[in-house]
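A look at the structure
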Amino acid sequence: MCANVFGVLKSLFGKPFDGGKRMDHGGPQQQHHHHPMEQPPQLYNPQHPAMMRLYEVQKEVASLGPQVCTFSGLQHDRDYKRLERELTRLLLEVDQVDTEGKPELQGARKRAAQEVEGLLRYLEENTSHPSRQAIELLSNEARQLVDEQVVAPQRSGGVAEINDELVDALQELVLKLTQVKTEGRVPLRKARYRALTRLCAVQDVLEGRTQQQTLSLPLSGDTHEAVHRINQVMVKVSVARGQLVALLMGLSGRDSCTHLSRILTEMQVELDALDVSGNTAIRNYRKQVVEEINGLLKHLDLEVEGDDTRRYDLARNNSIREIEAVRAHVSHLREGVLRHCATADLGFRPKAELQSLLTHLDQVDTARNPCIREARRRAVVEVQAIINFLDLREALARRQPGPAEHPSHRAVWLVLGSLSDLQAQVLGFDGKRADKSYMMLEELLTKQLLTLDAVDPQGDESTKMARKQAVKFAQNILNYLDMKTDEWEY
């Protein structure tokens, strides 16, 4: 969108500015046609003081434009206030240009004002956009969670309790962030990516921690000074971990990435100076601690990553292209499966091909990018849905119930038959959540879950197991239908 701003700054002498409308809507520049008897407007002398002043404004707008078009913060940020102040100043300067009442100068001044107003409007729209607000709300929720359970306990001298509930809550926030729509706007993509990278980094830091004092004293019957020194470093690493988490989540106070990097590097130097050549166990212990320090250091470059266009603007990313190529192949296979199933032909069994696609996806490099990671996960779900469908169809075709089959067991298989038919419809569904067909599928799948819930196994273990698997299968179909219609974008 902002690319339109720069093409119109080439000249004020003969080519009109693109107005703010062109920047906002991305439409073609309006062409001005003149009557054959009408003389075209005279190009004004570039040396005229008014044109010279407008040209100076043009250069400043050209300098500020890229900053406006990639600004991903909020209105209370220092950079927002600076950009707003500079653009407002330019607008006032344009307004003060003396046009001497001449239409050509008035037109040039008007177009210059439109460009500045367009940038101001674009800056304000992105900071107040609903998606930008959603990103900030989720970020604040993550900050509060991490502050309460990790940062605050360590600051008060306690120990953070990293439990499954915290890990699951962070993962849920990551998924919600990946689903925030950006409408292709660079500032929104950038804001979403920066929030995601920090949250994913916190996940890595918390899940990758080692226990303090892995080796206790004495070692091999003797007190070893190196172990004591490494244990002391481990205590410092634990403190640094808390500082890093606070930095990543914007809870750091006066700490900085540079300061923490220096502290961690000093720890590495201290460990390198230890003489552990004579003991393999101690050498491995030191190696373990060094690796943890390196793991913390790798997260201190997130500011640079957040400004790297290749990271947050993924339309040309090679990994995304790979994933999209797999998805196109999956779509082709899905159509073939549904076509053959419609004719009750079980001869088309591309399971080996689908398994190879899963292997391919597993090898796609996500480069620690949460959006690429989510894109890959969704592609895996698409492949797995077809594999599960084929597995159930084959199981139904092989089924040969005997006269002694438990009635409850037969009831579960009847539901599985219905689920197979519903899954075929879900695989072929290509609509939205507001569609009647979506609501009908959701209702029918929910009814099957209720039917399974009403099945009484009457103590039969095989029925209990079959019902449990059928419930999981139905839930997976619902989740897949939900994923297909959540309008996610990378």
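Going by the structure above, here's the rest.
First things first, this report covers the structure right here in the doc. (Residues numbered from 1 in each chain as written. Predicted model: local features only at pLDDT ≥ 70, side-chain atom pairs only at ≥ 80, totals over all residues. Heavy atoms only, no water.)

**Brief notes about the overall build of the protein**
To keep it simple, the criterion reads: Each helix is a run of DSSP H or I of at least 4 residues and each strand a run of E of at least 2, with the numbering of both proceeding from the N terminus. A simple rule labels every residue: compare its accessible area, found with a 1.4 Å probe on the protein chains alone, to the largest value its type can have, and call it buried under 20%, exposed over 50%, or partly exposed in between. For this analysis, residues touch if any pair of their heavy atoms sits within 4.5 Å. The Shrake-Rupley method, run with a 1.4 Å probe sphere, supplies the accessible areas, and residue values consider only the shown protein chains as cover.
When helices and strands are tallied, the protein shows 19 helices and zero strands. Taken over 490 residues, the protein has a buried fraction of 43%. By sequence separation, contacts in the protein at least 24 residues apart represent 75% of the contacts at least 6 residues apart. Carbon and sulfur atoms provide 50% of the accessible area of the protein, an area that totals close to 26400 Å².

**Some details on a negative patch on the surface**
What counts is decided by this rule: Here, patches come from residues exposed beyond 30% relative accessible area and free of salt bridges, joined within 9 Å for like charges and within 5 Å for nonpolar side chains (Val, Leu, Ile, Met, Phe, Trp, Tyr). Between Lys or Arg on one side and Asp or Glu on the other, a salt bridge is scored when a side-chain nitrogen of the former is within 4 Å of a carboxyl oxygen of the latter. Charged-residue counts in this description rest on Lys and Arg as positive and Asp and Glu as negative, His and the chain ends being excluded. In this description, the location of a charge corresponds to atom NZ of lysine, CZ of arginine, CG of aspartate or CD of glutamate.
Together, Glu 161, Asp 164, Glu 165 and Asp 168 give the surface a local cluster of negative charge. Mapped onto the fold, Glu 165 is located in helix H7 (residues 164-178).

**Here's the deal with the packing of aromatic side chains**
Selection rule: Ring pairs are drawn from Phe, Tyr and Trp, using the six-membered ring of Trp, whenever the two centres fall within 6.5 Å, and their geometry is named by plane angle: stacked under 30 degrees, edge-to-face over 60, tilted for the rest.
According to the stated counting rule, one finds two aromatic pairs in the structure shown. Each ring, one from Phe 71 and one from Tyr 80, has its centre 6.0 Å from the other, and the planes form 45°; the classification is tilted. You'll find Phe 71 and Tyr 80 in the same group, each marked buried. Geometrically, the ring pair formed by Phe 429 and Tyr 438 is tilted, given 6.2 Å between the ring centres and 45° between the ring planes. For the pair Phe 429 and Tyr 438, a shared accessibility class is recorded, and that class is buried.

**Remarks on the side chain of Asp 486**
With respect to the element layout, Asp 486 can be found in the segment after helix H19 (461-484). Its relative accessible area of 14% is what places Asp 486 among the buried residues. With sequence-adjacent residues up to four places away left out, Asp 486 is seen in contact with Gln 179, Lys 181, Arg 378 and Arg 433.

**Comments concerning helix H6 (residues 130-155)**
Put simply, the rule is: Expected span of a helix, by definition, is 1.5 Å for each gap between consecutive residues, and there is one gap fewer than residues. What the bend at a residue measures is the angle between two axes, fitted to the seven residues ending there and to the seven starting there.
The end-to-end C-alpha distance of H6, which contains 26 residues, comes to 35 Å, matching closely the 38 Å that a straight helix rising 1.5 Å per residue would cover. Roughly 50° is the biggest bend found in H6, and it falls at Asp 147. Buried within H6 we find Ser 131, Arg 132, Ile 135, Glu 136, Leu 138, Ser 139, Ala 142, Leu 145, Val 146, Val 150, Val 151 and Pro 153. Looking at the packing, one finds that the buried side of H6 touches helix H5 (103-128), H7, helix H8 (186-207) and helix H9 (225-248). Phi for Gly 157, located one or two positions after H6, is positive at around 90°.

**Quick notes on unusual backbone geometry**
Even without a glycine there, the phi angle at Glu 100 is positive, about 55°. Tracing the backbone shows Glu 100 in the loop between helix H4 (78-95) and H5. One non-glycine residue, Gln 458, adopts positive backbone phi at about 55°. On the secondary structure map, Gln 458 appears in the loop between helix H18 (436-454) and H19.

**Section: the side chain of Arg 132**
Mapped onto the elements, Arg 132 comes out in helix H6. Once residues lying within four places of it in the same chain are set aside, the contact partners of Arg 132 are Ser 72, Gly 73, Leu 74, Asn 126, Thr 127, Leu 188 and Ala 191.

**Quick word on the pattern of salt bridges**
Tallying each qualifying case throughout the model produces 27 salt bridges. For Asp 79, the salt bridge goes to Arg 82, with nearest N and O atoms at 3.7 Å. Taken as a pair, Asp 79 and Arg 82 lie in helix H4 at a separation of three residues, close to a single helical turn. Here Asp 79 falls in the partly exposed class, since its relative accessible area comes to 41%.

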